[in-house]
Amino acid sequence: MNIESVKSLFMLFSGEEDAERYAPLIRLAVKETGDMLLPDADSEDIRLDFLSAAIAFYRMRRILAARDREKYTYAGKMPAVGQDSSAAYAERLLRDYLDLCSDLIRSDTFVFMSFSGGKEK
């Protein structure tokens, strides 16, 4: 994996202009991706750069969403963090890249938690 490529992809996903601000998240995402690799996987495959950037972006959005929940609006209500939030879009992007890299990684190392909004069948 190429860390500079991951940084530029992270900036593309996040809209941030300075990836250095999120360098610890990016390094952690690259390590996490490396830990997911299958023994015979090509660590230079470009898809892994995209996956690392998506992981870093997902982590960033989750951190920001948690912080945003503590803020109050002018009317005194807390902002909603629902299915249309940027964190949810980051999760969907990450799931797409996990699927794209499924032949290179063990997917059991990344855990998503979700809650059902409807009745169970």
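Presented here is a report on the structure given in the accompanying data block. Everything numeric in this text was worked out from a predicted model, so none of it was measured.

1. What to know about the environment of Arg62
For step 1, the next point in the chain: Inspection of the secondary structure assignment puts Arg62 in helix H3 (residues 46-68).
For step 2, the next point in the chain: By relative accessible area, Arg62 is classed as partly exposed at 45%.
For step 3, the next point in the chain: A C-alpha to C-alpha distance of 8.9 Å links Arg62 and Ser86, two positions 24 residues apart in sequence.

2. Description of the pattern of salt bridges
For step 1, the next point in the chain: In the structure shown here, the tally under the stated rule is eight salt bridges.
For step 2, the next point in the chain: A salt bridge links Lys7 to Glu20, with the nearest nitrogen and oxygen atoms 2.5 Å apart. Of this pair, Lys7 sits in helix H1 (residues 3-14) while Glu20 sits in the loop between H1 and helix H2 (23-36), placing them 13 residues apart in sequence.
For step 3, the next point in the chain: Assessed through its relative accessible area of 14%, Lys7 is described here as buried.
For step 4, the next point in the chain: Residue Asp45 is joined to Arg47 by a salt bridge in which the shortest nitrogen-to-oxygen separation is 2.9 Å.
For step 5, the next point in the chain: Where salt bridges share partners, they join Glu4, Lys7 and Glu20 into one cluster.

3. Some points on the packing of aromatic side chains
For step 1, the next point in the chain: Taken as a whole and assessed by the stated rule, the structure comprises four aromatic pairs.
For step 2, the next point in the chain: Ring geometry for Phe10 against Tyr22: centres 5.5 Å apart, planes inclined by 55 degrees, an arrangement best described as tilted. With a gap of twelve residues between them, Phe10 in helix H1 and Tyr22 in the loop between H1 and H2 connect regions that are remote in the sequence.
For step 3, the next point in the chain: Taking the relative accessible area as the measure of exposure, Tyr22 reaches 10% and is therefore buried.
For step 4, the next point in the chain: Put simply, the rings of Phe13, Phe50, Phe57 and Tyr97 touch in pairs and so form one group of aromatic residues.

Conventions and cut-offs
- Residues numbered from 1 in each chain as written.
- Predicted model: local features only at pLDDT ≥ 70, side-chain atom pairs only at ≥ 80, totals over all residues.
- Heavy atoms only, no water.
- Helix = DSSP H or I, 4+ residues; strand = E, 2+ residues; numbered from the N terminus.
- Buried < 20%, exposed > 50% of the residue type's maximum accessible area, 1.4 Å probe, protein only.
- Salt bridge = Lys/Arg side-chain N within 4 Å of Asp/Glu carboxyl O.
- Phe/Tyr/Trp six-rings, centres within 6.5 Å; stacked < 30°, edge-to-face > 60°.

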